[in-house]
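Chain by chain, the residues run as shown.
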Amino acid sequence: MASVSIQLLFSPLVAALIVCAALLLGGIAVMRAPNRGARIRRGAIALVTATLVCTPSVARVEPLVGVNVEVYIAVDLTGSMAAEDYDGDHPRLVGVRADLEQLVEQLPGARYSVISYSSTTTRQLPLTTDSRAVIAWGQTARQELTDYSAGSAIDRPVDELERILADAQQENPHATRLLFLLTDGESSTRTQAEGDTKHPEEFARLASYISGGAVLGYGTTNGGKMREYDGTPATGAGTNGPYIIDKATGQPAISKLDDAALRTAADALAIPYVHREHPGTLDVQVDGMDLNELVEVSDRNITVQVPRYWGAPAILAVLIVAELFTLGRRLGELRRRKNRAGAR
């Protein structure tokens, strides 16, 4: 019998907050419902929302067809990655998108996972063989919202990466794992003042889980200005939106690549550091071996977590539409009653 497990869409804390909020608000909505049908509908909306966040999954053992290589890509999405000093005056995220395409091209058939980090660390893509999903994510990835930024800290993703890699090691101990860290290495004074630390050597905690990879550093030591991002298409990297202002000087803030921190992180992971100031072929060696040499067919079995939504998104959409339709009818009825009372 297949075992059912929970694969959270967000970090445990965020997922717990969303589930608790959904159940609490759902309970309040149920108590205020005017009739039995509304109570059932609103309770179902809360339960389906909680189910989507928890993502029930079934473990399935499958023969591994292709390569037994897992590629973990950690991408920095702090505001500094919008700095306009890549290949002239382009945002650093332009280089990230180009290199994501090169990485998946160099390892056809591997399984890829994308982890982004800014104020928090979030797994954006679970392990998948769909290289198009990685590229599509890169094309739509944006820097964090400027007003909600907690600054930068190079070691911020270490805890979540350690958890992910440890779980992967237990799940598939025979796999070759590669880690690619895409960042400018900057740790801002703002985060350090709030308790974050600049400790790139913390990446040493991950070294035992991986067989190779690279630290890819973007930007220049001279630095570049960053556009503000408020969530709208007119702001952020690659737009003509306003620049982020340094409150100490009143001038546009400058983000600089931290070459020393990037080299320290690479040394701690025992993988190469590659400065990506301009576009170019990504020629990364793994333990002295070209990445393509790792592409080999394996006859081992692996356990795959298969999400079981049971049509939950469609059910949730129908329930919400039904609730809005019912509310609309009630508001219309109340308005008509008010008009009739006024006419008397």
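Each remark here, short or long, concerns the structure printed above.
Because the structure is a prediction, the values reported are computed rather than measured.

**Observations concerning the overall build of the protein**
In step 1: When you go through the protein residue by residue, the secondary structure sums to eight helices and 15 strands.
In step 2: Taking all 344 residues of the protein together, the buried fraction comes to 44%.
In step 3: Partitioning the intrachain contacts of the protein with sequence separation of at least 6 by distance along the chain shows that 80% fall at a separation of at least 24.
In step 4: In the form shown here, the protein has an accessible surface area of approximately 17,900 Å², with 56% of it arising from carbon and sulfur atoms.

**Focus on the sheet that holds strand β3 (residues 69–76)**
In step 1: Taken in spatial order, the six strands of this open sheet run β7-β6-β3-β8-β9-β12, and their pairing is mixed. Sheet topology places β7 (121–128) and β12 (273–276) at the edges, where each strand pairs with a single neighbour. The mean angle between the axes of side-by-side strands here comes to 15°, regardless of whether they run parallel or antiparallel.
In step 2: In terms of strand pairing, β3 meets strand β6 (residues 111–117) through seven bridges, oriented parallel. Note on β6: the bridge partner recorded for Val71 is Tyr112.
In step 3: The strands touched by helix α3 (residues 92–106) are β3, β6, β8 (176–183), β9 (212–218) and β12; relative to β9, the strand with the most contacts, the crossing angle is about 160°.
In step 4: Its contacts with the sheet place helix α5 (residues 158–171) against β3, β6, β7 and β8, and it is angled at close to 170° to β3.

**Considerations on helix α2 (residues 36–54)**
In step 1: Its 19 residues give α2 an end-to-end C-alpha distance of 27 Å, which sits within 8% of 27 Å, the value for a rise of 1.5 Å per residue.
In step 2: Every buried residue belonging to α2 is among Ala38, Arg41, Arg42, Gly43, Ile45, Ala46, Val48, Ala50, Leu52 and Val53, and all of these are buried.
In step 3: The opening residue of α2, the one whose side-chain oxygen lies 3.2 Å from the backbone nitrogen of Gly37, is Asn35.
In step 4: The positive-phi residue at the C-terminal boundary of α2 is Thr55, with phi of around 50°.

**Looking at α3**
In step 1: Along its 15 residues, α3 runs 21 Å from first to last C-alpha, staying within 8% of the 21 Å computed at 1.5 Å per residue.
In step 2: In terms of burial, α3 is a largely internal element, eleven of the 15 residues being buried.
In step 3: All buried positions along α3 are accounted for by Arg92, Leu93, Gly95, Val96, Arg97, Asp99, Leu100, Gln102, Leu103, Val104 and Gln106.

**Observations regarding a positive patch on the surface**
In step 1: A cluster of basic residues, Arg329, Arg335, Arg336 and Arg340, forms a positive patch on the protein surface.
In step 2: For Arg340, a relative accessible area of 47% translates into the label partly exposed.

Reading guide: rules and limits
One numbering rule holds for all chains: residues counted from 1, following each sequence as written. In view of the model being predicted, local features appear only for residues whose pLDDT reaches at least 70, and side-chain atom pairs are presented and counted only at 80 or more, with totals across whole chains, interfaces and linings using the full set of residues. Hydrogen atoms and water are omitted, and side-chain values are computed over all heavy atoms in the structure. Numbering of helices and strands runs from the N terminus, with a helix taken as a DSSP run of H or I at least four residues long and a strand as a DSSP run of E at least two residues long. Relative accessibility decides the category of a residue: with a 1.4 Å probe and only protein chains considered, values under 20% of the type maximum give buried, values over 50% give exposed, and everything between is partly exposed. Contact criterion: two residues are considered in contact whenever any of their non-hydrogen atoms come within 4.5 Å of each other. Shrake-Rupley sampling with a 1.4 Å probe provides the accessible areas, and residues are treated as covered by the protein chains on show and by no other component. Between any two strands, pairing holds if DSSP finds at least two bridges. Axes here refer to lines fitted to C-alpha atoms; in helices the fit is confined to the stretch in contact. Angles between the N-to-C directions go from 0 to 180 degrees. The span expected for a helix works out to 1.5 Å for each residue beyond the first. Contacts described as polar in this section are N or O atom pairs within 3.5 Å, which, within protein, must combine one atom able to donate a hydrogen with one able to accept it, while residues neighboring in sequence count only if both atoms come from side chains. Patch definition: residues with relative accessible area over 30% and no salt bridge; like charges joined within 9 Å; nonpolar side chains (Val, Leu, Ile, Met, Phe, Trp, Tyr) joined within 5 Å. Salt bridge, as used here, is a side-chain nitrogen of Lys or Arg placed within 4 Å of a carboxyl oxygen of Asp or Glu. His is not counted, nor are the chain ends, whereas Lys and Arg count as positive and Asp and Glu as negative. Charge placement uses NZ in Lys and CZ in Arg. For Asp and Glu, CG and CD serve respectively.

Fair warning: the whole summary comes from geometry, so function is off the table for now.
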